[in-house]
Amino acid sequence: MKIIDIKFEKATFKFNKPMKIAFMVIEGFDTLVLKMETDEGIVGYGEAATLPFVTGDSIDTAVAVGKQFRSALIGQNPILIENIHNIMDGMYAYNTSIKAAIDIACYDIASKKMDMPLYKFLGGVNKTVYSDTTLGIDEPEAMAEKAVEWVQKGWSNLKVKLGQSVDLDLERMILIRKAVGDKIGLRIDANQGWSVKDSIRIINELEKLNVELIEQPIVYWDYDGLKEIKSMVNLPVVADESCHSPIDAAKLAKTKAVNGINIKLMKCGGIFKAQKINAIAEANNIFCMLGCMGESKIANSAAMHFGIANKNVKIFDLDITFYTESSWIKDGFTNEGNVCHMTDKPGLGVTVEGM
Ligand SMILES: [Mg+2]
């Protein structure tokens, strides 16, 4: 099988309501959809969902680098995935979003060729994903109200964005816990917003509120700081912005800096590298969770297929498509509230119209 063409198209999404996180307010997002064609008539879809301050790339750079990858990859076999990554990594370091787009399209093609859904192609049997949903950062009362709304809609796990002043953050969590009761799972993402000292102080208070885990309390580059926090608290500490690659995962494991790693396909360059991060984590007794960027059902479905095929992926934070709709990118999975079921179509199972 040979790749005969790769096409790109921008997709624009608007949130129903703007999303607040520690360092900004997000109204919506653009992503880059990729179509890979082969000489056997099998077509694969991928997606580059960039977040410049995390992934270091943008839609414009993804298109520019993607065009160069296109020239190098035409004529190559998309199923020989190690070779595909070797070619891309040999041309450009980083640029993980466009590498993820190519990677996802290759896995879509390979599993279509095998006539099986991607999660089965990756060795999995389970087809159900239980995702949390995200509470953006806001005034404490507004967050508590929003939390109750999600619980009333059937969600049993909420990921709460914090990362401003720790005293206000603690007030937020006290109100949210009081509003939703004891049975709802609450996860925290501080998005690098706290200091080491403040993290230790607030996390020990959050433990009393039966919080499940703390994601990225401090700046991404401070592995020693993460280790110090981990040694002083009982709640699991999870790396997100601190882990982009299998090398980061190995360093985090060696430093004994975290209990968990949040894998995102856009940070690491796709499923092939995500499998390596998960293997390193699993061998070091580190659990993985799976997160997403501003993305469509293409990248979101790819993450779900990867996650359910790997038992060390324990937590799914794949909620982006709960807040958006697309007129031309559909299927992949269906959801009733937080319970998502993969379709049994071959490949990603995603339908892309008009491209
Ligand atoms: Mg995060």
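Scroll up to find the structure.
Residues numbered from 1 in each chain as written. Predicted model: local features only at pLDDT ≥ 70, side-chain atom pairs only at ≥ 80, totals over all residues.

As defined by bridge partners, strand S2 (residues 24–38) adjoins strand S3 (residues 43–48) across six bridges and the pair is classed as antiparallel. Directly across from Val-33, in S3, lies its bridge partner Glu-47. In this antiparallel pair of consecutive strands, S2 and S3, the connection spans four residues, and Gly-41 shows a positive phi of 85 degrees. (Pairing = 2+ DSSP bridges. Helix = DSSP H or I, 4+ residues; strand = E, 2+ residues; numbered from the N terminus.)

Another aspect to go through is the nonpolar core. If you look at the biggest cluster of nonpolar residues, it comprises 106 residues, and the most contacted ones within it are Leu-34, Ile-104, Ile-261, Leu-265 and Ala-302. With ten residues, the single largest contributor to this core is helix H4 (residues 96–113). Counting only domains with at least three residues in this core, you end up with domain 1 (3–115) and domain 2 (120–352). The residues contacting Ile-104, other than those within four sequence positions of it, are Gly-46, Glu-47, Leu-265, Gly-270, Ile-271, Ile-298, Ala-299 and Ala-302. (Core = buried A, V, L, I, M, F, W, Y, C linked by C-beta atoms within 7 Å. Buried ≥ 20, exposed ≤ 12 C-beta atoms within 10 Å, placed from the backbone. Domains from an automatic or database assignment. Contact = placed C-beta atoms within 7 Å.)

Let us look at the sheet that holds strand S9 (residues 237–239). Taking strand neighbours across the sheet as the criterion, the eight strands line up as S5-S6-S7-S8-S9-S10-S11-S12 in an open arrangement whose pairing is parallel. With one partner strand each, in any of the chains shown, strand S5 (133–135) and strand S12 (313–317) form the two edges of the open sheet. Sheet analysis places strand S6 (residues 157–161) next to strand S7 (residues 185–189), joined by five bridges and oriented parallel. Bridged to Val-160 within S7 is Ile-188.

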